[in-house]
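This is what each chain is made of:
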Amino acid sequence: MSFEVTEGARAEALSPDAAAPVGTEAPAGEDSERGAEPRPEPPPVYRGADLLVEVLKEEGAEMLFGIPGGATINFYDALYNSGIPHVLARHEQGAIHAADGYARISGKVPVVTGTSGPGSTNLMTGIANAWFDSVPMVIFAGQVSTSVMGTDAFQESPIFSMTMGITKHNYQLMRGEDLPRVVKESFYLARTGRKGPVLIELPKDMTSNEIPYRKPVEMRLRAYNPTPKIDRALVEKVKRDLARAKRPVIVAGAGVVHAGASELLRAFAERARVPVVHTLLGLGTLPSDHPLSLGMGGMHGTVWANMALHECDFLLNIGSRFDDRLTGALEHFAPRARIAHVDIDEAELGKVLDEDYPIHGDARDALAILLDGAVDPSPSEEWLAYLESLRREYPLWYRTDRPYLQPQRVVQIASDLASDDVIVVTDVGQHQMWVAQFFRFRRPGRFVTSGGLGAMGFGLPAAIGAQIADRDALVLAFVGDGGFQMTVEELILLREYDLPVKILLFNNNSLGMVRQWQELFYEERYSATLFNIQPDFMRLADAYGIVGRRVETEEEARAVLEEAFRTRAPYLIEFVIDPMANVLPMVPPGNGVHEMQGVKPE
Ligand SMILES: Cc1ncc(C[n+]2csc(CCOP(=O)(O)OP(=O)(O)O)c2C)c(N)n1
């Protein structure tokens with residue numbers, strides 16, 4: 001049998017209504033034919049794979065990403081008529097990063113599948129990525145049948161133990177009757193409390209065996225409390241003490257985005273007159289041009305954000321986990337401040353710092369209490385004026401003395417031309433930091449980047465997932481020439497699913513971020529960071545059937561971006577940038593955040 005997939009044909013297939021409903025009528029129970037005494041109805045019996053699909057539908061699973069194989073073939077067979085759309089990636093890493101981008105933009109829980117052995121191990125980076133950045137997803141890792149598990153059977157890998165440290169929870173499904181409960185618990189765990197990836201190891205016989213299905217009773221997970229009751233008195237104390245502080249600052253992290261609390265954050269910051277430092281994943285929680293937004297803090301933060309962290313006398317951290325990229329050397333971090341920390345995950349409290357006000361709870365609940373009643377503005381006008389003076393004296397800058405296209409300028413132009421609904425995705429490296437520094441974020445939850453893990457190869461597939469989640473948005477994928485080549489195979493999905501992602505490829509012919517460290521801290525010993533030979537990216541675009549443009553000047557940059565933004569087609573735009581451009585300012589490793597270098601042009 002052969003079939004043809006026309007361009008964009010699968011885009012339609014991505015709509016949940018496109019396919020026929022699943023035909024999973026349970027076989028009639030044998031007992032029903034005897035018909036004598038009235039007995040309780042026996043539960044319907046399903047093939048495991050059909051039951052799995054049934055439960056996925058009950059959970060509202062709307063999107064699957066993956067690649068099939070022997071261990072998951074029954075599952076895929078059951079999916080055939082299920083109506084649940086499936087994105088066929090070209091590498092499992094691509095599938096899971098796409099699911100990650102989809103989850104961040106849609107707010108839903110995608111499903112990811114990989115077959116046993118290599119299919120599952122290929123998912124590992126994406127699982128760790130979702131874990132670090134608290135992204136919800138349910139992962140089915142195929143496994144060999146229970147009868148041969150532990151014998152090093154073909155394509156067996158110990159995925160359950162391998163993923164123990166990088167999942168919110170994981171299950172090894174060994175009994176068919178547990179399947180519905182385990183799947184339902186997985187969705188529940190993934191989407192509640194601190195969100196995250198939940199993995200189910202799925203031996204092949206779990207999908208081929210017949211399984212009776214009794215609807216699981218209500219979710220009862222001992223020792224799991226996803227909605228902690230916040231300590232109101234403590235939050236009110238924070239409010240009082242913050243109002244008395246002379247140099248207060250708020251740190252806004254991803255927890256604000258996850259809680260959908262950006263509006264509340266903004267209202268509170270404005271009423272209390274407190275400036276806000278953003279973590280990388282907290283960018284956008286206030287618009288970048290809001291007068292109280294200090295931009296990003298930390299290793300590549302702004303001077304005024306970092307000095308605010310260093311000189312504050314009261315620091316209210318909402319939904320950030322005090323990552324070392326934010327804090328710099330801990331002994332210098334906010335040395336004179338009383339510190340309040342709101343986190344949905346109790347394990348984060350006291351993990352890095354001994355906080356004065358550890359508050360276990362949701363960012364939204366905390367901000368609602370802070371906003372309740374009158375909010376006294378803190379006496380911080382002098383403090384705000386001081387930070388403003390730093391902003392004027394040490395603005396973000398880039399070199400203008402070199403005959404090359406400066407990447408920061410490209411980010412600025414793209415930011416200026418973009419519409420407000422823009423979704424910004426990045427890969428990992430220098431370009432990621434240039435975007436964090438120079439892009440003007442307008443709305444919360446529209447910045448998709450690999451924060452905690454820093455996984456190169458994330459950008460392109462995550463942009464694919466983001467565009468699937470919001471088909472009308474302008475999606476920009478900023479990638480470096482190194483990371484782009486790690487998941488470049490997913491380019492074909494742009495055409496297959498009709499996704500008009502604009503890829504902004506920053507070509508500096510190097511693994512730029514590592515090269516920068518070698519330049520600054522290893523006496524310019526460029527060990528294995530310079531690319532001697534590169535593919536022809538324009539021919540690559542051609543091979544994948546998307547528009548390719550090569551750009552070397554600012555004028556070309558503007559013209560090509562204008563063209564790309566008004567065209568509903570995927571673009572690969574290669575910016576040939578200054579190979580020696582660096583991300584500055586920089587807090588050298590081991591320093592406090594106030595000890596930055598490169599704060600001004602030399
Ligand atoms: C999978 C992976 N391998 C290695 C690294 C280490 N690393 C961090 S940034 C970077 C360089 C990235 O180069 P490129 O993608 O070209 O982006 P640029 O820094 O030049 O913007 C490397 C190798 C990483 N973060 N992830």
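Residues numbered from 1 in each chain as written. Predicted model: local features only at pLDDT ≥ 70, side-chain atom pairs only at ≥ 80, totals over all residues. Heavy atoms only, no water.

K.L.:
Help me out: how do you make sense of the overall build of the chain in this one?
P.N.:
Helix and strand content of the chain: 24 helices and 20 strands. Here the C-alpha radius of gyration of the chain, 26 Å, is about what a compact globule of 602 residues would show, namely 25 Å. In terms of principal-axis extent, the alpha carbons of the chain reach across some 90 × 60 × 45 Å. For the chain, buried positions account for 56% of its 602 residues. (Helix = DSSP H or I, 4+ residues; strand = E, 2+ residues; numbered from the N terminus. Rg over C-alpha atoms; globule rule 2.2 N^0.38 Å. Buried < 20%, exposed > 50% of the residue type's maximum accessible area, 1.4 Å probe, protein only.)

K.L.:
I would appreciate a short explanation of the side chain of histidine 300 in the present structure.
P.N.:
Mapped onto the secondary structure, histidine 300 falls in the loop between strand S11 (293-296) and helix H13 (303-311). For histidine 300, the side chain forms a polar contact with the main-chain oxygen of proline 585, separated by 3.1 Å. Once residues within four sequence positions are removed from consideration, histidine 300 is found in contact with Met433, Gln437, Met513, Gln516, Val583, Pro585 and Met586. (Polar contact = N/O pair within 3.5 Å; in protein donor to acceptor, adjacent residues only side chain to side chain. Contact = heavy atoms within 4.5 Å.)

K.L.:
How do you make sense of the site of the ligand when you look at a structure like this?
P.N.:
In the vicinity of the ligand lie 17 residues, with Gln430, Gly454, Asp481, Gly482 and Gly483 positioned nearest. At 2.9 Å, a side-chain N or O of asparagine 508 approaches an oxygen atom of the ligand. Glycine 512 is positioned such that a nitrogen or oxygen atom in its backbone is 2.9 Å from an oxygen atom of the ligand. Here the ligand has 580 Å² of accessible area as a free molecule, and 76% of this is covered by the chains. When contributions to the shell around the ligand are tallied by element, the ones reaching two or more residues are helix H18 (430-438), helix H20 (481-484) and helix H22 (512-521). (Near = heavy atom within 4 Å. Areas by Shrake-Rupley, 256 points an atom, 1.4 Å probe, with all protein chains shown as cover.)

K.L.:
I tried to follow H13 on my own but got confused; where do I start?
P.N.:
An α-helix turns once per 3.6 residues; consequently, residues spaced three or four apart project the same way. Counting buried positions over the nine residues of H13 gives nine, a clear majority of the element. What H13 keeps buried is the set Val303, Trp304, Ala305, Asn306, Met307, Ala308, Leu309, His310 and Glu311. Where the residues of H13 are buried, they touch strand S9 (248-252), strand S10 (276-278), S11, strand S12 (314-318), helix H14 (324-327) and helix H16 (381-393).

K.L.:
Can you walk me through the sheet that holds strand S3 (residues 86-88) in this structure?
P.N.:
Note on sheets: strands pair through backbone hydrogen bonds, and any given pair is parallel or antiparallel. The strand order across the open sheet formed by six strands is S3-S2-S4-S5-S7-S6, and the pairing between neighbours is parallel. Bordering the open sheet on either side are S3 and strand S6 (169-172), each of which pairs with just one other strand. The mean inter-strand angle of the sheet, taken between neighbouring strand axes irrespective of direction, is 20°. Sheet analysis places strand S4 (residues 111-114) next to strand S5 (residues 137-143), joined by four bridges and oriented parallel. (Pairing = 2+ DSSP bridges. Axes fitted to C-alpha atoms, helices over the stretch in contact; angles between N-to-C directions.)

K.L.:
Explain helix H10 (residues 232-244) to me, please; I cannot follow it from the model alone.
P.N.:
If you check H10, its first and last C-alpha atoms are 19 Å apart, about what 13 residues at 1.5 Å a residue would give, namely 18 Å. Within the span of H10, buried status applies to Leu234, Val235, Val238, Lys239, Asp241, Leu242 and Ala243. Looking at the buried residues of H10, the elements they touch are S9, helix H12 (262-272), S12, strand S13 (338-343), strand S14 (357-360) and helix H15 (363-371). (Expected span 1.5 Å × (residues − 1).)

K.L.:
Please clarify how the domain arrangement of the chain should be interpreted in this entry.
P.N.:
A common way to express how large an interface is: the accessible area buried when the components associate. Partitioning the chain into structural domains gives domain 1 (45-212), domain 2 (232-394) and domain 3 (407-576). The centre of domain 2, based on its C-alpha atoms, is set 30 Å off from the matching centre of domain 3. Buried area between domain 2 and domain 3, both sides added, is near 1300 Å², and the carbon and sulfur share of it is 68%. If you sort the residues of domain 2 by the area they bury against domain 3, Leu280, Leu283 and His300 come out on top, with a joint share of 40%. Here domain 2 and domain 3 share one salt bridge between them. The salt bridge partner of aspartate 289 is arginine 440, with a shortest N-O separation of 3.7 Å. Classifying every residue of the side of domain 2 that touches domain 3 gives seven nonpolar, five polar and three charged. (Domains from an automatic or database assignment. Buried area = accessible area lost by both parts, 1.4 Å probe. Salt bridge = Lys/Arg side-chain N within 4 Å of Asp/Glu carboxyl O. Nonpolar A, V, L, I, M, F, W, Y, C, P; charged D, E, K, R; others polar.)

K.L.:
How do you make sense of the nonpolar core when you look at a structure like this?
P.N.:
Nonpolar side chains in soluble globular proteins tend to end up buried together. Ranked by size, the top nonpolar core spans 54 residues in total, and within it Phe65, Phe484, Leu491 and Ile503 carry the most contacts. Broken down by element, the residue count for this core peaks at seven residues, all from helix H4 (residues 92-106). By size, the runner-up hydrophobic cluster in this structure holds 38 residues, among which are Leu476, Phe478, Phe575 and Val583. (Core = buried A, V, L, I, M, F, W, Y, C linked by side-chain atoms within 4.5 Å.)

K.L.:
How should I be thinking about the pattern of salt bridges in this particular structure?
P.N.:
Side-chain pairs of opposite charge can arise whenever the charged atoms involved come near each other. All told, the structure shown has 37 salt bridges when counted by the stated rule. Of the charged contacts, one joins glutamate 62 and lysine 108 as a salt bridge, the two residues approaching to 3.0 Å between their closest N and O atoms. You can see glutamate 62 sitting in the loop between helix H2 (48-58) and strand S2 (64-66) and its partner lysine 108 sitting in the loop between H4 and S4, a full 46 residues away along the chain. Taking the relative accessible area as the measure of exposure, glutamate 62 reaches 29% and is therefore partly exposed. With relative accessibility at 36%, the residue lysine 108 sits in the partly exposed group. One continuous salt-bridge network, built from bridges that share partners, spans Arg175, Glu177, Asp178, Arg181 and Glu185.

K.L.:
Quick question: what am I supposed to make of unusual backbone geometry here?
P.N.:
Both trends apply: most residues other than glycine have a negative phi, and most peptide bonds are in trans. That bond from leucine 584 to proline 585 is cis: its omega, 0°, falls within 30 degrees of zero. Positive phi is not limited to glycine here, since glutamate 523 has a value of about 50°.

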